[in-house]
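Understanding the architecture of this molecule
Take a look at the letters that make up each chain.
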Amino acid sequence: MTVVNGYEQSDNEKKLDILNLPALEDEAKKIIPTGGYGYIFGGSEDDWTLKQNTLAFEHAQIVPKALSDIEKPDLSTNVFGIDLKTPVMMAPTAAQGLAHAQGEDDTARGVAAVGGLMAQSTYSSTSIADTAAAGNGAPQFFQLYMSKDWSFNESLLDEAKKAGVKAIILTVDATVDGYREQDIINNFQFPIPMANLTKFSEGDGKGKGIADIYASAAQKIGPDDVRRIAEYTDLPVIVKGVQSPEDAMRAIGAGAAGIYVSNHGGRQLNGGPASFDVLESIAKAVNHQVPIIFDSGVRRGSHVFKALAAGADLVAFGRPVIYGLALGGAQGVQSVFEHIDHELEIIMQLAGTKTIEDVKHAPLLHIHYND
């Protein structure tokens, strides 16, 4: 363990023998300090939406396909002009130093090892430049929590461009912090600085709760902000936090180059729908005008398959990767991706889908079973 400001950080570096991703949650809980684990694990209010995110995948069923004359499914894909070896990407997830001493740097190494795509958060424990360097040329996106201070936004965007990121993810569903009861119970305040905030007038985040940090973020975000960021960076802007067809079309009308369907992993509006339950209607409205990224509740290869079949082009997850990071560092992250890819390969074979493009055209059933 590494100890920083009294907070114990894992320094594990090892491959993991994974039975399934949900099982990692309890294993990680044993080594991540209570406050940090509560921040990572918890949703908002009573976690209803957080729980529904995973349960919602049971609302659709995959059609098995026999006599399909295929073998060795191919997980490679191309999205936003980027060649990837897997359709599963790392969601932007804050403060990964809570799970491991190397934080986002080790996550970047693990994602790069599987040929995947990483999105790094404004509220990272490591800097944009360091995280990009750790990825050693692997593709990365930068996620922006827009500040009230536009000069600070410009500073972050300048650093992201200099680091070579391929796109900007603008998070629009976190204008205030969700009511996160785990943080209240634990009286949680970040023990580790957030590297990207060190130049900000409000400080580096250390000793503050997430609600305090969000207080410095912009509460008023509109279509003009999408245009402004796209014009300033000359990079694709992906709007994250979309939960309705209307918002998707509004974002595209403002110049969004991608739509990111997400409810923030159940950490914002509790009582809202599970992300998977709104994905198909959003995809129909978007109608392939721009790529769609999906996250929230993904724990299985079958979840990835269903999300792709329902209209996503990339599927992201966060918590299972952070648990893998705590348990095994970069190699743990790699193990998590390799496991979910393995599950996906099995599903693709049994569903008679050779490529990710085939998965996107695979039928889903909607049979309602009694509990």
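Going along each chain's sequence as written, the residues are numbered from 1 onward. Where totals are concerned, whole chains, interfaces and linings use all residues; where local detail is concerned, this predicted model gives features only for residues with pLDDT of at least 70, and gives and counts side-chain atom pairs only at 80 or more. The basis for every side-chain value is the complete set of heavy atoms in the structure, and neither hydrogens nor water enter the calculation.

So the rule is basically this: UniProt positions are given in the numbering used here, feature names are shortened, and annotations may be inferred rather than shown by experiment.
An unreviewed UniProt entry annotates the chain as L-lactate oxidase originating from Lacticaseibacillus brantae DSM 23927. What UniProt records for the chain under Catalytic activity (unreviewed entry) is the sentence "(S)-lactate + O2 = pyruvate + H2O2". According to its UniProt record, the chain has this under Sequence similarities (unreviewed entry): "Belongs to the FMN-dependent alpha-hydroxy acid dehydrogenase family."

1. Section: the UniProt feature "active site" (unreviewed entry) in the chain
Just so we agree on the cut-off: In this description a helix means any DSSP run of H or I spanning at least four residues, a strand means any run of E spanning at least two, and both kinds are numbered starting from the N terminus. Two residues qualify as a contact provided that any one of their heavy atoms is within 4.5 Å of a heavy atom in the partner residue. Polar contacts, as counted here, are pairs of nitrogen or oxygen atoms within 3.5 Å of one another; within protein the pair requires one atom able to donate a hydrogen and one able to accept it, and residues that are adjacent in sequence qualify only if both atoms are side-chain atoms.
UniProt's feature table lists "active site" (unreviewed entry) at His264, given in the numbering used throughout. Structurally, the position occupied by His264 is in the loop between strand S11 (258-261) and helix H11 (275-286). Once you skip the residues sitting within four places of it in the chain, His264 turns out to touch Tyr145, Thr171, Asp173, Ala174, Arg180, Tyr214, Lys240 and Ser296. A distance of 3.1 Å separates the side chain of His264 from the side chain of Tyr145, its partner in a polar contact.

2. Topic: the environment of Gly241
The residue Gly241 is located in strand S10 (residues 237-242) in this model. Sequence separation between Gly241 and Ile356 is 115 residues; the distance between their C-alpha atoms is 24 Å.

3. Notes on the pairing of strand S8 (residues 140-144)
Every other side chain in a regular strand lies on the same face of the sheet, so the side chains alternate between the two faces. Selection criterion: Throughout, exposure labels follow a simple rule: accessible area from a 1.4 Å probe, protein chains only, divided by the maximum for the residue type, with under 20% read as buried, over 50% as exposed, and the rest as partly exposed. Strand pairing is defined by DSSP finding a minimum of two bridges between the two strands. Every crossover in which the path from the first strand over the helix to the second runs clockwise, viewed with the strands pointing away from the viewer, is termed right-handed.
Counted residue by residue, S8 has five buried out of five residues, so it is predominantly covered. Of the two faces of S8, both are covered, the one formed by Gln140, Phe142 and Leu144 as well as the one formed by Phe141 and Gln143. Direction of pairing for strand S7 (residues 118-121) relative to S8: parallel, over a ladder of four bridges. Looking at the pairing, Met118 lines up with Gln140 of S8. Read as a crossover between parallel neighbours, the route from S7 over helix H5 (residues 128-135) to S8 is right-handed. For the handedness criterion, the β-α-β arrangement of S8, helix H6 (residues 150-163) and strand S9 (residues 168-171) is classed as right-handed.

4. Examining the layout of surface pockets
Quick note on the threshold: A 1.4 Å probe that fits but cannot get out identifies a cavity on a 1 Å grid over protein atoms alone, an open set with protein on both sides within 12 Å along at least five of seven lines counts as a pocket, and a residue lines either if it has an atom within 4 Å of a point. Grid points are joined across faces, edges and corners, and a volume is the space filled by probe spheres set on the points.
The volume enclosed by the largest pocket comes to roughly 630 Å³. Around the largest pocket, the lining is made up of 37 residues, and of these Ile40, His264, Gly265, Arg267 and Arg319 lie nearest the centre. Secondary structure elements with two or more residues in the lining of the largest pocket: helix H1 (22-29), helix H2 (34-41), helix H3 (48-55), helix H8 (210-214), strand S13 (314-317) and helix H13 (319-350). Residue contributions to the lining of the largest pocket peak at four residues, all from H3.

5. Quick look at the packing of helix H10 (residues 245-253) against H11
Quick note on the threshold: Interaxial angles span 0 to 180 degrees and are taken between N-to-C directions of axes, which are lines fitted to C-alpha atoms, for helices over the stretch in contact. We call a crossing left-handed when the near helix sits turned anticlockwise from the far one by less than a right angle, and right-handed when that turn is clockwise. Side-chain classes are defined by residue name, with Ala, Val, Leu, Ile, Met, Phe, Trp, Tyr, Cys and Pro counting as nonpolar, Asp, Glu, Lys and Arg as charged, and the others, Gly among them, as polar.
The N-to-C vectors of H10 and H11 enclose an angle of 35°; their axes lie 8 Å apart at closest approach. In this structure, the crossing between H10 and H11 has a hand that is right-handed. Along its contact with H10, which presents Pro245, Ala248, Met249 and Ile252, the element H11 presents Ser281, Ile282, Ala285 and Val286. Residues of the contact of H10 with H11, tallied by class, amount to seven nonpolar, one polar and no charged.

6. What to know about the UniProt feature "binding site: glyoxylate" (unreviewed entry) in the chain
Under the UniProt annotation, the feature "binding site: glyoxylate" (unreviewed entry) is placed at Tyr39, Tyr145, Arg180, His264 and Arg267. In the annotated set above, the residues contributing to the lining of the largest pocket are Tyr39, Tyr145, Arg180, His264 and Arg267. For Tyr145, the location among the structural elements is in the loop between S8 and H6. Relative accessible area serves as the criterion here: at 9%, Tyr145 is assigned to the buried category. In this structure the side chain of His264 is engaged in a polar contact, spanning 3.0 Å, whose partner is the side chain of Asp173.

7. Concerning the environment of Asn78
By the element assignment, Asn78 lies in strand S4 (residues 77-79). On a C-alpha basis, the gap between Asn78 and Asp313 in space is 8.9 Å, while along the polypeptide they are 235 residues apart. In this structure the side chain of Asn78 is engaged in a polar contact, spanning 3.4 Å, whose partner is the backbone nitrogen of Gly81. In terms of polar contacts, Asn78 uses its side chain to reach the side chain of Asp83, at 2.7 Å.

8. Points about the packing of H2 against H13
To keep it simple, the criterion reads: Roughly parallel refers to an angle under 35 degrees, roughly antiparallel to one over 145, roughly perpendicular to one between 65 and 115, and oblique to any angle outside these ranges.
Look at H2 against H13: their axes get within 10 Å of each other, and the N-to-C directions meet at 155°. Regarding the angle of H2 to H13, the classification is roughly antiparallel. Across the interface between the two elements, Tyr37, Ile40 and Phe41 of H2 pack against Arg319, Ile322 and Tyr323 of H13. Split into classes, the residues belonging to the contact of H2 with H13 amount to five nonpolar, no polar and one charged.

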